[in-house]
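Here is what each chain is made of, one letter per residue.
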Amino acid sequence: GIELGKLLSATGYTTLDPGFVNTASTKSAITYIDGDAGILRYRGYPIEELAERSSFLEVSYLLIYGELPSADELAAFATRIQRHTMLHEDLKRFFDGFPRNAHPMPVLSSAVNALSAYYQDSLDPDDPEQVELSTTRLLAKMPTIAAYAYKKSVGQPFLYPDNSLSLVENFLRMTFGFPAEPYAVDPEVAKALDMLLILHADHEQNCSTSTVRMVGSSDANLFTSVSAGINALWGPLHGGANQAVLEMLDEIKASGGDVKEFVRKVKNKEDGVKLMGFGHRVYRNYDPRAAIAKKAADTILAKLGGDDELLQIAKALEEAALTDEYFIERKLYPNVDFYTGLIYRAMGFPTRMFTVLFAMGRLPGWIAHWREMHEDPATKIGRPRQIYTGYTERNYTDLESR
Ligand code: ACO
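Criteria and thresholds
- Residues numbered from 1 in each chain as written.
- Predicted model: local features only at pLDDT ≥ 70, side-chain atom pairs only at ≥ 80, totals over all residues.
- Helix = DSSP H or I, 4+ residues; strand = E, 2+ residues; numbered from the N terminus.
- Rg over C-alpha atoms; globule rule 2.2 N^0.38 Å.
- Buried ≥ 20, exposed ≤ 12 C-beta atoms within 10 Å, placed from the backbone.
- Contact = placed C-beta atoms within 7 Å.
- UniProt positions renumbered as here; feature names shortened; annotations may be inferred.
- Core = buried A, V, L, I, M, F, W, Y, C linked by C-beta atoms within 7 Å.
- Pairing = 2+ DSSP bridges.

Things to note about the overall build of the protein
Broken down by element type, the protein carries 18 helices and 3 strands. On C-alpha atoms alone, the protein measures out to a radius of gyration of 22 Å, which is about the 21 Å that the 2.2 N^0.38 rule sets for 402 residues. Taking the principal axes of the C-alpha coordinates as reference, the protein spans close to 70 × 55 × 55 Å. Residues classed as buried in the protein amount to 42% of the 402 residues present. Put simply, 76% of the contacts in the protein that link residues at least 6 apart link residues at least 24 apart.

Here is the structure:
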């Protein structure tokens, strides 16, 4: 890439690129995507291998520190995180202020932002020890916050973390368990959820990650920057699509399951309806994460007994779209969100929790990018230019003469 920005600003020119379709905002060594070939690699490792052989904790370490951990490094990392899973008791009361029917995403982002108020000894982006501490705290506390956001929405009591459990097991217990009642984590569910978190762990300069970098570029602390990323993720064009896909599938099922009729509506852009879970800014080929999720949906729904009719509708929709000129011409394929919701539902999560699960998965990616940005001496505060299209100078008119 040419550093066109420097060249042009020296000559007084500005480039206009809505949505950053062709503008790189940074250099990065974390994640590689070849959208035409459908390739995704974290730190050089193919997503398929990581999904099959690694764990979410190892992948988090890989993204943040650049290398796969040794067994000792992984054990130390896990212990460090286990020590920080609890929330400050005052912060727990924070949840009481939200209405019970609140969507868990704003609850999650607010509580993550509030970490800046409760853990003020880890806010300095220029102090490596504080950055390390905020990294550990975020990785440890996010599953607790996510589980409490769920508990709040169903009106059930919060559970303290059980630090004899792994990160994912702990999350499942805090979500679906009850105080003073034993909760046996289903190992199949834990493994499948761990794999789905790996699929979501990073995706280079997507909307939420770019937001984390943008906010962090002002030297805002890690908690606050990640909270901004969670808000960006909530939108239905980004992470909120996993909820939107299930709502779409439910709607198609309720109206008789006519997939062709739905595709017709999408093609005619009737009421702005889109095929949610399809299309991607970078992939002009099958999203490799969607391929893995589709396979997992088959096996997990067979084991857990999910809604097979919805899975059949999803597959029929995919087939109808992939053989249709509209989608072929525009190179629209299923993205990661197309099949994940079916798995989450089979696991027992309500639709509103889907994007929270995405946020839990994306967390190590956000942290890795925020840290990479801070370590890069070329980093400048994010400050895009604009092309002004408003009035030229006008004379002020007093209120009584308007
Ligand atoms: N259904 C129907 N048509 C679509 C879809 C879709 N899902 N996605 C794109 N198109 C059409 C557009 O209408 C446009 O058609 P046109 O040329 O006739 O106007 C063309 O394909 C190009 O689409 P753009 O919107 O320009 O592509 P862009 O790269 O800006 O958008 C996006 C990418 C936002 C993901 C889009 O494909 C979309 O809205 N998909 C549905 C939401 C979704 O699944 N989001 C999750 C993305 S993955 C993630 O964040 C985890």
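Quick look at the UniProt feature "active site" (unreviewed entry) in the protein
Residues annotated in UniProt with the feature "active site" (unreviewed entry) correspond here to His280 and Asp337. Separation in sequence by 58 residues is not matched in space for these annotated residues, since their most distant C-alpha atoms are only 10.7 Å apart. A count of 21 C-beta atoms within 10 Å places His280 in the buried class. With respect to the helices and strands, Asp337 occurs in helix H17 (residues 337-347). Apart from the residues lying within four places of it in its own chain, the contact partners of Asp337 are Ala241, Asn242, Val245 and Gly277.

Focus: the nonpolar core
Grouped together as the largest cluster of nonpolar side chains are 108 residues, with contacts concentrated most on Leu108, Ala146 and Ile343. At 12 residues, the largest contribution of residues to this core is made by helix H18 (residues 354-375). Apart from residues lying up to four places away in sequence, Ile343 is in contact with Ala192, Leu196, Ala293, Ala296, Ala297 and Ile300.

Some remarks on the environment of Val112
When you line up the elements, Val112 lands in helix H6 (residues 104-118). In the structure, Val112 is positioned 41 residues away from Ser153 in sequence and 17 Å away in space, judged by C-alpha atoms. With near-sequence residues (within four places) excluded, Val112 lies in contact with Met142, Ile145, Phe223, Val226, Ser227 and Ile230.

Considering the sheet that holds strand S1 (residues 31-34)
One key point about sheets: their strands pair by backbone hydrogen bonds, in either a parallel or an antiparallel sense. The sheet built from 3 strands is open, its strands ordered S1-S2-S3 with antiparallel pairing. Looking at the sheet topology across the chains shown, the edges are occupied by S1 and strand S3 (45-46). As defined by bridge partners, strand S2 (residues 39-42) adjoins S3 across 2 bridges and the pair is classed as antiparallel. Bridging from a neighbouring strand, Tyr42 pairs with Tyr45 of S3.

Overview of unusual backbone geometry
The residue Phe20 is not glycine, and still its phi comes out positive at about 50°. One can find Phe20 in the loop between helix H1 (4-11) and S1. On the neighbour-count criterion, Phe20 (13 C-beta atoms within 10 Å) is partly exposed.

Examining the pairing of S2
Residues in a regular strand project their side chains so that they alternate between the two faces of the sheet. Only one face of S2 is covered, namely the one carrying Leu40 and Tyr42; the face carrying Ile39 and Arg41 has none of its residues buried. As judged from the 4 bridges shared by S1 and S2, these two strands associate in the antiparallel manner. Bridged to Tyr32 within S2 is Arg41. Counting the residues between successive antiparallel strands, the hairpin from S1 to S2 contains 4 residues, one of them, Gly38, with a positive phi of roughly 70°. A loop of 2 residues connects S2 with S3, the two strands running antiparallel in sequence, and Arg43 in this loop sits at a positive phi of about 50°.

Description of helix H8 (residues 167-176)
The buried count for H8 comes to 9 of 10 residues, which makes it a mostly enclosed element. Taken together, the buried positions of H8 are Leu167, Val168, Glu169, Asn170, Phe171, Leu172, Arg173, Met174 and Thr175. Where the residues of H8 are buried, they touch helix H3 (56-65), helix H4 (71-82), helix H7 (128-154) and helix H9 (187-200).

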